[in-house]
Every structure is written in C-alpha cells, then in structure tokens.
Amino acid sequence: MDQKILSLAAEKTADKLQEFLQTLREDDLTNLLQNQAVKGKVAGALLRAIFKGSPCREEAGTLRRRKIYTYCIQLVESGDLQKEIASEIIGLLMLEAHHFPGPLLAELANEFISAVREGSLVNGKSLELLPIILTALATKKENLAYGKGVLSGEECKKQLINTLCSGRWDQQYVIQLTSMFKDVPLTAEEVEFVVEKALSMFSKMNLQEIPPLVYQLLVLSSKGSRKSVLEGIIAFFSALDKQHNEEQSGDELLDVVTVPSGELRHVEGTIILHIVFAIKLDYELGRELLKHLKVAGQQGDSKNNLSPFSIALLLSVTRIQRFQDQVLDLLKTSVVKSFKDLQLLQGSKFLQNLVPHRSYVSTMILEVVKNSVHSWDHVTQGLVELGFILMDSYGPKKVHDGKTIETSSSLSRMPNQHACKLGANILLETFKIHEMIRQEILEQVLNRVVTRASSPISHFLDLLSNIVMYAPLVLQSCSSKVTEAFDYLSFLPLQTVQRLLKAVQPLLKVSMSMRDSLILVLRKAMFAKYVASFYIIGRCRPLMLRLKLSLPSPSTTCSHHYNSVANETFCLEIMDGLRRCLSQQADVRLMLYEGFYDVLRRNSQLANSIMQTLLSQLKQFYEPKPDLLPPLKLEACILTQGDKISLQEPLDYLLCCIQHCLAWYKNTVIPLQQGEEEEEEEEAFYQDLDDILESITNRMIKSELEDFELVIADRFSQSTSIGIKNNICAFLVMGVCEVLIEYNFSISNFSKNKFEDILSLFILLSMKFVSSLLTVLFRVLLWRYTSIPTSVEESGKKEKGKSISLLCLEGLQKIFSAVQQFYQPKIQQFLRALDVTDKEGEEREDADVSVTQRTAFQIRQFQRSLLNLLSSQEEDFNSKEALLLVTVLTSLSKLLEPSSPQFVQMLSWTSKICKENSREDALFCKSLMNLLFSLHVLYKSPVILLRDLSQDIHGHLGDIDQDVEVEKTNHFAIVNLRTAAPTVCLLVLSQAEKVLEEVDWLITKLKGQVSQETVSEEASSQATLPNQPVEKAIIMQLGTLLTFFHELVQTALPSGSCVDTLLKDLCKMYTTLTALVRYYLQVCQSSGGIPKNMEKLVKLSGSHLTPVCYSFISYVQNKSKSLNYTGEKKEKPAAVATAMARVLRETKPIPNLIFAIEQYEKFLIHLSKRSKVNLMQHMKLSTSRDFKIKGNILDMVLREGGEDENEEGTASEHGEQNKEPAKKKRKK
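Computed from a predicted structure; not experimentally measured. (Residues numbered from 1 in each chain as written. Predicted model: local features only at pLDDT ≥ 70, side-chain atom pairs only at ≥ 80, totals over all residues. Heavy atoms only, no water.)

J.: Lay out the overall build of the protein chain with the relevant residues and their values.
T.: Looking only at helices and strands, one finds 54 helices and six strands in the protein chain. The buried share of the protein chain, taken over its 1228 residues, is 49%. Within the protein chain, contacts between residues separated by at least 24 positions form 73% of all contacts whose residues are at least 6 apart in sequence. Surface exposure of the protein chain reaches about 61100 Å², of which carbon and sulfur atoms provide 52%. (Helix = DSSP H or I, 4+ residues; strand = E, 2+ residues; numbered from the N terminus. Buried < 20%, exposed > 50% of the residue type's maximum accessible area, 1.4 Å probe, protein only. Contact = heavy atoms within 4.5 Å. Areas by Shrake-Rupley, 256 points an atom, 1.4 Å probe, with all protein chains shown as cover.)

Written out as structure tokens, the structure reads:
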C-alpha cells in the first residue's frame, strides 16, 4: 500500500492519489504511517504523499489532513520514533501548517494549549509546531468562530496566548514554551503576558534551570517589555539573596528551597553574563537597566531598591564602554547618598522612629566583593574602577596653607570621608580575593603616590600599607612595580617618602632584590648635589637599620636564609652613610637623632656603632675641662655666612638622643649581661657618656646667662643678626635643660614636684616621661576642680589673669576633646582610669560597667559645678568657666547611649537649667542651647521646643505692630532681652531648617514610592496604607513649625542676620509645603482624596502664616525705607553706603519668598480640582505686587529733595555714586 501511495504521488497530477486515499479508512493510513515511522523507513516521503493527496480545497481532504496532522503530533510525542525521523516529521508538519484554514489552525492551537495545561505532553517535541500554528493563524484575514464570538486571526491568536499564559505550565516545559514565543509575531501586550508568566515560574523551578530561562526571556525582550524582564529578574534574585542571608530564620519568602551559597553565586554569575551579553546586542536594554536602577537608588526602603545582585550586574555592565561612565557615576552617587541618609538618620530620633532599618549600598558593595570569589571575574574590573573613583573623588582635600583637611572619625559629620574609606576597603578586599587583578591595583596605587605628590595621598599610602601587610610574600611577584617607585624617591616630598617606605617595609623583609634596589637608590642619593637627597637618606637609612631586626637569624627555620656576616656588613655600610649625613644641614642631623633610638631598640647589635658615633659627635661641642663654664660650645652650633645666621648643630636633640639610648642600654642590655665578661673598650663608651652628662648637669646648674653671652639687656629681635643668634642660643639652652631634667629624673627618681617651675619648657621631653607626668597631672586637675569650689579659692593664686580652677577646667576640657577625637576605641579604658575608687580586686566587676554609666558619673560632678556657679549673683558669675563647663558636658554627653535613662536624665537636667536660669551672657546662652538641641533631637523631634522658644522671643522683643501688646511667656528663662536676638533666634531658625530638611527628605521618599506603584486603584490604595504614619508625622511636624513661624514673623526682630535668615527659612517652609501638595497630587491620581489633617494644615497656613508673612515683608521694607531716608539725610557717605548694602542684603530674599508663596497657592489650586475639595477657601488673596506712581507723594518728595539739595552738596553726589552699583547688581 505504501508503495502504491508513493508511486501515485510521483505522478504529475494528484487526482489518482486523491481517489486512492478516499478509498482507504483513516485507521489504515495511521497504521501505515506508524509502521513506517517506527521502522525508520520512508515515513517522510509517505507523509508528503498523504498531504499532497489531501488538498484543503476539499472538505474530505481537509479532514484527512487534520486527522493525519493530529496523529503525527501524537506519534512524535510518544517517544517511539528515532530522533531523525521525529525531526523530519516535525519539519514536514511545519511546512504544511500554512495550508490549513483558520478554524483548523485554531483547533490545533487549542489542542496544544489543552495538552500544556493538562500536563499530557510526554517529551514536548511537538511544541515546536505551536509558534508556526500561531503565526499562521495571525495571517488569516477571515473571521473565525472562537468560543461564543467571532474573531479575526490576530484576535484569535491573542486570545489563545492569553489562555496559554493564564494556565498551568509544567516545570519541564517552561523554557521551551518561553523560547517558542520568539518565533511568534507578538504585540506589546502579548509580550507582557508571556513575560509575566515566565517570571512567575522562577519560584517553581530548580535553581540550575533558571539561567536558560533568563536567556530566553532576554531574547524575547527584543520584542518589548524590557523593563518587566529586568525588574523581574533583579527582584527575584534580590529576594533570594535576602532569604539566603537570613540564617535559616524560617521565613520562606519564596518556594525555592535554600541552596548552598556556592551554587547560588554561580547561578547568579551566569545570569549576569547573560544579561551583559544581551545588552551588548541591544543597547536599549542597557538604557532600561540604568533607568530602573537609577530610580531604585533614589528609594530608601522601596522593594525596588539596590541589592547585591543588582550592584554586581551594574559592575559587570562597566565592561561595555558605552555605559561605563554612567554606571560608575550612578554607583558613586548612590554610595554618597547612602552615607548622607545615614547621617540624617543618626542625628534624628524623629526619622529613626519612622524609617525602618535597611541595608546600605556600602554594605551591599562589600558583599558583592565577598561573593565575587565564586568565579565572578566579570565583576572585578568594575570593582577596581569604582574603588579608585571613590578614593579619587572623596579623598582628603588640600587647603590654602598646603595642609590636608583633618576629618573626624564620626560618620554623622563626614559622609565623603567614609565614601573614600569604602573605596579603600573595596580595593583591599578585591586584592585579597582575586590574584589576576593584584598587579593592576598595586600599579595604580603606586602611580597615584608618585604622580600626585603635591596632593594629599595619605589614603593611598594607607591602602598600600594594608595591601603589603596582608601578604608580603604574595607581592613578590609584583616587586618590579615597587622597585620602579623607588626611582622617584628623590622627587617626592619627605613625608611621602617616609610613609611609602614604612608601608613597604614588610615587603623589604622578604625580598632581597627589592632591598638591594632601595640601597642602590640611597647610594645614588648620597652623591647627589641636592639638599633633598640628604633628607631622603636621613629618613631611609634608619628605616633600613630597623628593618634588620626582623630578618630571620641563621638558626631560624625559614624559606629565606641570610648570611649574618653579610647582614653586619650591610648595617655597617648604612652606618657609614649616616655618619656622612652628620656633616649636613641641621634638619638632616635632627632626623638622624630622631631615628637612632628607634634603630637601637630594634637592633641591639648596632649599639656600639651608634653610641660611638654619638659620642664622637658630642665631643665636638663638649668642653672637657671640668671647671670651665659653660660646659657646651654653643658658638660651634651656629653657622655664620656673612649676614646669614643659622643653626648648624641641633645640640639639644643630640643630647636627647644620647640620653634615650643610654637609658635603654642600662635598662635592657646591662641586666642581661650580668655575670658575663665584657670588653673594657665596650664599657668605656657608656661610662664616658654617663660622665659627660653628669658633668654637663653640674656645670649647667652653676652657669648663668652671662656665661652663654645671653645678658638680659641684649635684644632678641629677629630683624638683627645678634637677635637671631641670641634666639638660637636661648632655644638651645632651654632644650639642653629639658634633656637634663629628664636624664636626672630617670636616674635619681626625683619627685615630679621639683619640676613644677619649668613645666612650660615642654619641647623635648619624651612621650614616656610626658605620659607618666600627665597621668598624675590629669588626676590632680580632676580632683582639684571637682573638689575645691571656685568660690573658696584664694584670689591670690592667679596666672595670666586666670584662676587655678579655670586653668584646671581648661586642661580637662582639652583632654576630653582629644580623647574623643583621636582615641575613640579607648574611651572605655579612659573612663575606667578616671575612676580613682577602682581597686585591683574590683576590676572584674567593673569590666561590666558600660561607657554610659561611667560617663554619667563624670557628668554629675560637672553638673554640680555648673549649678554652684549659676547659684552665684550676676556680678559674680564667671562666664568663661560656665562656658567651659558646658563644653565639657557637651563632650561627655556624646558618650551617652540615647536610649539610656542617663541620657534622659541629662536632657531633663539641661532643659531645667534653661528654664530656671536667666543669664545675659550670649556665649553661655548659645552653648547651653546648643547642648539642649543636640540632646533633644536624639530623644524626639524639637518642634514643640521651637514653638515655645519662639513665643518667648516674641514676648521679649515685641510685635511688628507697635499698637499690639504681646503677652509674655516664660517657658525658658535663658531667653531674655539680651539673648533673644540674635543668639536664640538664630539657633531656633537653624534647628527649624534642619527639621524642614528631614521633612523634605521624607516627602522625597514618599514620592519615589508612589511613582513605583502600579496604576491600578486597588494596588495603589493598598500600597499607600503603609505610608499613612509617615504622612501623619510630616503633617504634624509642618503644623507645629507653622505655629513657630507664626510667632517669629510677628516679632519685631532687629535688622541684620535674624531678618535675613527668617526670610530664607520661610521660603524653605513654603517650598516644603509645595512638595507635600505635589505628593498628594500624585496620590490623588489613584485614591481620589486627601486626608483631613492635610486640609487642616492648608487651613492653618492660610490663616496663620501667609497673611502675617506679607505683613512681615511690609515691616522689613518700611524699616529699610526709613533707614534709607534717615541715612541719606544725616549720615556720612560711607555710612550711607554701608546701610544701603545691608538694606539690599535683607530685602533680597523677599522676591524668593513671594514666589514660593505663589507657587504653593498655584499647586493648591491644582490639588483642589483633583481632590474635589476647595482648599483655596482658606487662602486670602495675595497682596498685589504691582505698583503705580502717586503724584501727590512724588511732588512732596521732590520738593523736600530740592530744599536739601544745597545742604547735601558733595555728600549727596557720593551717595548717588554709591547707590548706582547696587541698582546694577539688583538687575543681574
């Protein structure tokens, strides 16, 4: 039968074939086709023959074709056919699909969809036909009966796709189903159907199956819905990352089971590669990614905010040149914004209560670095570029005097500094993880150190030090880069050279070649003619000597063995070079003296050589005769070249170095050598030095100023050569005395009290001596001030007009500030040391005492002192002491935990002091109010406090309307006629500005969240519910601030900074109100209404703020006019010019304020229309800002001007000249 069908099909016409096929039953054809297909014979040819004999123009042929087509699909799905046969059949079915009429194509598509939804597919091979069928269906122009209606082919295709995407998809066919749509012409709506369905399947698939599905989605995104594809992928993996990091908390965010970290990171890395590859082919996809993540970066706690996965994706996109700068700029901006947000949150309890804790971009980036260990090579280059951009952009800046700006370690004050620190951490961690990028990082760091010598590079040197400390052995492979940097040492600033060598010191310990290279550079420098070369040698060679301490000894088991003889030769060679430096300038010698002691401590084998060198140097300036005064040859220490006199030998530093080296030798070496025989020659060096110092001590005590030729009558002017010489000699004598004080103190155990008269000579005392002295002195200061009241202090004990108590308090204040600024990690230890009641046996119990508790104890002592001071009469009040006390309390209060009872007690005490004490000292008032505000903002919002203070200010200064008598309030006694303005007024306005900044920040966050919500009313209404507490808090803040401004704008403020600041803050107030109105314009698009408290706020602004604002503007302008008129009549031209400048400055913010008010009313009109609520009924018409010329007034002014014209004379002319530039400036 099959041969007959094939032979008939070979004829030119198909008539006989059609007649023969009509004689056969359908089962005969299907059985025949099955037998041929299973046997792998001529199934393809037979199928072509059957289709040829079953034309669609005949009903019988169409039905036969339909039957055979369906059966072939079942045959392919059965899995009984060979792969080649199945593929051949599928190919033939694809070719024949376009010949089917529309109704049959719809039926075939429905059968496929039913099979997918029911899960009846066996291997899914036949799904290759579905896109062909759908495509063919879309081309049919005739109307088709589908369901209960009649649809066109295109509409029918859309309905079928919708049905398919709304049904269940078997997990194993998701990828294939998604892939097939790339071959189907789809509208934007249809693409969205498919994308949503595929994204919803992520959570139901195995992790390893997601990358190929993502790839198919990215291919499909070329048809549309790029934003949905990217958002879905990023949202899924961001949630998966969050779930993975929750430490098995039990909260299942998704149906995906927890997977090993390595597997998850590898899958994420593959998906990132797919996305980057897709962006290379479709730049529009990249633009959509940047647009989406730029909005996400601006959101604080939105579901679409940045995540480690999205950051890793962005860093990978930097490999595409077109997007590199945009991506890095986006990440840089996000980092700084993250730190600024944290700054705002840390300084406001109000914001902390409203904004939940969230991850910050800095933490996410470091997490990306950690995750990149899982073969994320595509991320590393972006990490390196981002790290250097952050360090370059936010590193320390150079100021006018050439010094770098000192930055505090407090996060709340320096977001830029922490951005720079983040960049350094990124580079360091990347260096640790990725070997292939190490050389590039090191090269870039060294390039910046060498080429940016004139700019601050301390952050790069710190990074270099951390890199070298991490793995000096690993860096040997990059030693050529470091060696190249050594060639530029002579051209670098001295401080840079010193820090650079200190940074690479661990590397020098393990690399013989690098050490040899440095020695070669130093040898060349020795023969250079430049003074700078000797400075370099003076710093480098002691460093090299200290390096020898860490070299492994010959007996040590190590991978590197060094020859001890070679080491000794090496050290002696360096010593020879240093001896040559002792004949150079004083600065070079001074550097050597500072380094010798450190070298000796680290390398005791060099003791003889160093001590002999120092002894030889000292003998040049020592007078050996025991009876001769003075014992030192100061003339030899001074160099005279014509009229130029300079210091040649820093003799005091030489003696200081000798004293330290000698003390170290006695305390360290001699006890170890007891019982051992020493060479007499070796002992002679130390005995000679001891004898010389003893002799110098005895003879210096006997010496007078005349012995040094420093008589009192001599002049010490720096403008004469004699004066310069006398100054140098005097400083040398003082320095020598200090060294001898320390020397005798160390050997004789003298009491510290014997040196009280010379404590001011505090230049060359060692840190060990100073620290032991300061420890006792600080305890004395603390006890002296807190135990002896100032009132009972003897009036005779004064120094430079300051009492002893005040001097003690100044010392305490500086110590507290220094500890907090420079020794933050040791505060606990510092506070424990202050507690003199601690005993050794109680140390374990005291270890549990918190910093807050210890700080509270110290605070109470100073609180008592301030209360005693405030209880005195006004004429006995010591404002300097009070100011210092408040400064100390401010420093200590920063150590209190804001949630602790001690903090609340401190706040209550400060508030009570402000309420009950009235002092007219402006500085004391300012410091006390600053303390109150700094505490209050960490406890709750200060708006109620601001309102009360504004009422007090209004009561003391009076109203702008002189006919109105203001009822005086007395919330805070510290506010009085002397302190109300400008002191307290400027402080409250500054705090109000901070509150407005916080409110504006919250409004911006709300706007961003609304813009991210779906447009459906249901979704939008559900999404806005969580924002209600924030909206309520914003309205409450603005309402209270509005009453605050209501009081101030009615206050008769003096001209100057108060008026200027108030006008600017009013402008910000209206700008913030406008921002809130615009937010509700967005919300009204979905919800259609505004809350009642918002209506109340608008009503309050219309009744209590806007009218009095215009009154205040008139008050300021009238005051300026009267000042201008009076000034022109009576004052001198210079005074008139000054007055005019002040008037111009004060009235300049007025147009901005008027514009802000009008903008607020403009958007209120829009909101009224959209919300169907008449908000403008509470607003009065604005004052007309137009003008007209009134003739009668003009005539009167002109007549007055003519009468006084002769009297003014030249002064009037000068006044006109002074006014003209101001007019020009105003026009600009």
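Still to come is the rest of the account.
J.: I'd like a rundown of the packing of aromatic side chains, residues and numbers included.
T.: Centre-to-centre distance and the angle between the planes together describe a pair of aromatic rings. If you walk through the whole model with that rule in mind, you get 12 aromatic pairs. For the pair Phe-816 and Phe-830, a centre-to-centre distance of 6.0 Å together with 85 degrees between the ring planes defines the contact as edge-to-face. Placement of Phe-816 in helix 36 (residues 804–822) and of Phe-830 in helix 37 (residues 827–834) is noted, with a sequence separation of 14 residues between them. Phe-830 carries the same exposure label as Phe-816, and that label is buried. Of the aromatic side chains, those joined through ring pairs into one cluster are Phe-202, Phe-236, Phe-237 and Phe-309. The cationic tip of Lys-1005 hangs over the ring face of Trp-1001; the distance from NZ or CZ to the ring centre is 5.2 Å. (Phe/Tyr/Trp six-rings, centres within 6.5 Å; stacked < 30°, edge-to-face > 60°. Lys NZ or Arg CZ within 6 Å of the ring centre and 35° of its normal.)

J.: Describe unusual backbone geometry, with residues and values.
T.: Each neighbour pair has its own omega, and for Leu-629 with Pro-630 the value is -10 degrees, a cis peptide bond. With respect to the element layout, Pro-630 can be found in the loop between helix 31 (607–619) and strand 3 (638–641). Residue Pro-982 is bonded to the preceding Ala-981 through a cis peptide linkage, with omega at 5 degrees. Residue position: Pro-982 is located in helix 44 (residues 980–1012). A positive phi angle, close to 60 degrees, is found at Ser-375, a residue other than glycine. Mapping Ser-375 onto the fold places it in the loop between helix 19 (361–371) and helix 20 (377–394). Of note, the phi angle at Lys-1172 is positive, near 65 degrees, even though the residue is not glycine. On the secondary structure map, Lys-1172 appears in the loop between helix 51 (1149–1171) and helix 52 (1191–1203).

J.: Tell me about helix 40 (residues 879–893), and please be specific about residues and values.
T.: An ideal rise of 1.5 Å per residue puts 21 Å on 15 residues; helix 40 measures up with 21 Å between its terminal C-alpha atoms. Within helix 40, the full set of buried residues consists of Glu-881, Ala-882, Leu-884, Leu-885, Val-886, Val-888, Leu-889, Ser-891, Leu-892 and Ser-893. Of the residues flanking the start of helix 40, the one acting as N-cap is Asn-878, its side-chain oxygen 3.2 Å from the backbone nitrogen of Lys-880. (Expected span 1.5 Å × (residues − 1). Polar contact = N/O pair within 3.5 Å; in protein donor to acceptor, adjacent residues only side chain to side chain.)

J.: Give a description of the packing of helix 9 (residues 153–166) against helix 11 (residues 188–200) that names residues and reports values.
T.: The description of two packed helices rests on the angle between their axes and on the distance between the axes. In the contact formed by helix 9 and helix 11, the axes pass within 9 Å of each other and the chain directions differ by 15 degrees. Judged by the inter-axis angle, helix 9 sits roughly parallel to helix 11. Judged by the sense of rotation from one axis to the other, the crossing of helix 9 with helix 11 is left-handed. Within the contact between the two elements, helix 9 uses Glu-154, Lys-157, Lys-158, Ile-161, Asn-162 and Cys-165 and helix 11 uses Glu-189, Glu-190, Phe-193, Val-194 and Lys-197. (Axes fitted to C-alpha atoms, helices over the stretch in contact; angles between N-to-C directions. Parallel < 35°, antiparallel > 145°, perpendicular 65-115°, else oblique. Left-handed = near helix turned anticlockwise from the far one by under 90°.)

J.: Outline the pairing of strand 3, listing residues and values.
T.: For strand 3 and strand 4 (residues 644–647), the ladder comprises four bridges, and the chain directions are antiparallel. What sits directly across from Thr-640, in strand 4, is Ile-645. Taken together, strand 3 and the strand that follows it, strand 4, pair antiparallel across an intervening segment of two residues, in which Gly-642 is found at a positive phi of about 70 degrees. (Pairing = 2+ DSSP bridges.)

J.: Give a description of the packing of helix 17 (residues 321–346) against helix 20 that names residues and reports values.
T.: Taken N-terminus to C-terminus, the directions of helix 17 and helix 20 make an angle of 55 degrees; their axes are 10 Å apart at the nearest point. Taken together, the axis directions place helix 17 and helix 20 in an arrangement best described as oblique. Viewed along their axes, helix 17 and helix 20 form a crossing whose handedness is right-handed. For the pair formed by helix 17 and helix 20, the contact residues are Gln-324, Leu-328, Leu-331, Lys-332, Val-335 and Val-336 on the first element and Gly-382, Glu-385, Leu-386, Ile-389, Leu-390, Ser-393 and Tyr-394 on the second. By residue class, the composition of the contact of helix 17 with helix 20 is eight nonpolar, three polar and two charged. (Nonpolar A, V, L, I, M, F, W, Y, C, P; charged D, E, K, R; others polar.)

J.: So, the confidence of the model for the protein chain: which residues are in play, and what are the values?
T.: Put simply, the protein chain has an average pLDDT of 76, and 72% of its residues get 70 or more. Long-range and interchain partners of residues 399–403, a stretch whose pLDDT sits below 50, account for three contacts in this model, where long-range means more than four residues apart. This stretch, residues 405–412, has a pLDDT under 50; its non-local contacts, to residues over four places away or in other chains, come to 17 contacts. (pLDDT = per-residue confidence, 0-100.)

J.: Account for the environment of Ser-1055, naming residues and giving values.
T.: Looking at the secondary structure, you find Ser-1055 in the loop between helix 46 (1028–1048) and helix 47 (1057–1084). Here the alpha-carbon distance between Ser-1055 and Pro-982, two residues 73 residues apart in the chain, equals 9.7 Å.

J.: Pulling in residues and values, what's your account of the pattern of salt bridges?
T.: Tallied over the entire structure, the rule returns 18 salt bridges. Across the salt bridge formed by Arg-499 and Asp-462, the nearest N and O atoms sit 2.4 Å from each other. Of this pair, Arg-499 sits in helix 25 (residues 494–503) while Asp-462 sits in helix 23 (residues 458–470), and the two are 37 residues apart along the sequence. The residue Lys-725 makes a salt bridge to Glu-635 at a minimum N-O spacing of 2.9 Å. Within this pair, whereas Lys-725 is found in helix 34 (residues 721–748), its partner Glu-635 is found in the loop between helix 31 and strand 3, the two being separated by 90 residues in sequence. Lys-725 gets classed as partly exposed once you look at its relative accessible area, which sits at 24%. Judged by its relative accessible area of 44%, Glu-635 falls in the partly exposed class. (Salt bridge = Lys/Arg side-chain N within 4 Å of Asp/Glu carboxyl O.)

J.: Could you give me a rundown of helix 14 (residues 261–281), with the residues and numbers involved?
T.: Its 21 residues give helix 14 an end-to-end C-alpha distance of 31 Å, which sits within 8% of 30 Å, the value for a rise of 1.5 Å per residue. Taken together, the buried positions of helix 14 are Leu-264, Arg-265, Val-267, Glu-268, Gly-269, Ile-271, Ile-272, Ile-275, Val-276, Ala-278 and Ile-279.

J.: Tell me about the nonpolar core, and name the residues and values.
T.: Counting 153 residues, the largest nonpolar core has Ile-233 and Phe-486 as its most contacted members. The dominant element in this core, judged by the number of residues it contributes, is helix 7 (residues 102–118), at nine residues. Core analysis: the next-biggest nonpolar cluster, separate from the first, contains 123 residues, Phe-1044, Leu-1062, Leu-1081 and Ile-1113 among them. (Core = buried A, V, L, I, M, F, W, Y, C linked by side-chain atoms within 4.5 Å.)

J.: Summarise the state of the cysteines; cite the residues concerned and give the values.
T.: Within this structure, the stated rule accounts for zero disulfides. As a non-bridged cysteine, Cys-637 has Cys-729 as the owner of its nearest cysteine sulfur, 8.3 Å distant. Take Cys-637: its relative accessible area is 0%, and that puts it in the buried class. Note on Cys-1058: no disulfide assigned, nearest cysteine sulfur contributed by Cys-985 at a separation of 3.8 Å. (Disulfide = S-S within 2.5 Å.)

J.: Just give me the short version of the side chain of Asp-282, but keep the residues and values in it.
T.: Its place among the elements puts Asp-282 in the loop between helix 14 and helix 15 (283–298). One polar contact links Asp-282 to Arg-226, side chain to side chain, over a distance of 2.8 Å. Every residue in contact with Asp-282, bar those within four places of it in the chain, is listed here: Ser-222 and Arg-226.

J.: How would you summarise a nonpolar patch on the surface if you had to cite specific residues and measurements?
T.: A cluster of nonpolar side chains, contributed by Tyr-215, Phe-277 and Leu-281, occupies part of the molecular surface with about 330 Å² of accessible area. One can find Leu-281 in helix 14. (Patch = residues over 30% accessible without salt bridge, like charges linked within 9 Å, V, L, I, M, F, W, Y side chains within 5 Å.)

J.: How would you explain the environment of Asn-878 if you had to name every residue and give the values?
T.: Summarising the element assignment, Asn-878 is placed in the loop between helix 39 (851–870) and helix 40. On the accessibility criterion, Asn-878 (25% relative accessible area) is partly exposed. It is 9.6 Å that separates the C-alpha atoms of Asn-878 and Leu-806, two residues lying 72 residues apart in sequence. Polar side-chain contacts of Asn-878 include one of 3.2 Å to the backbone nitrogen of Lys-880.

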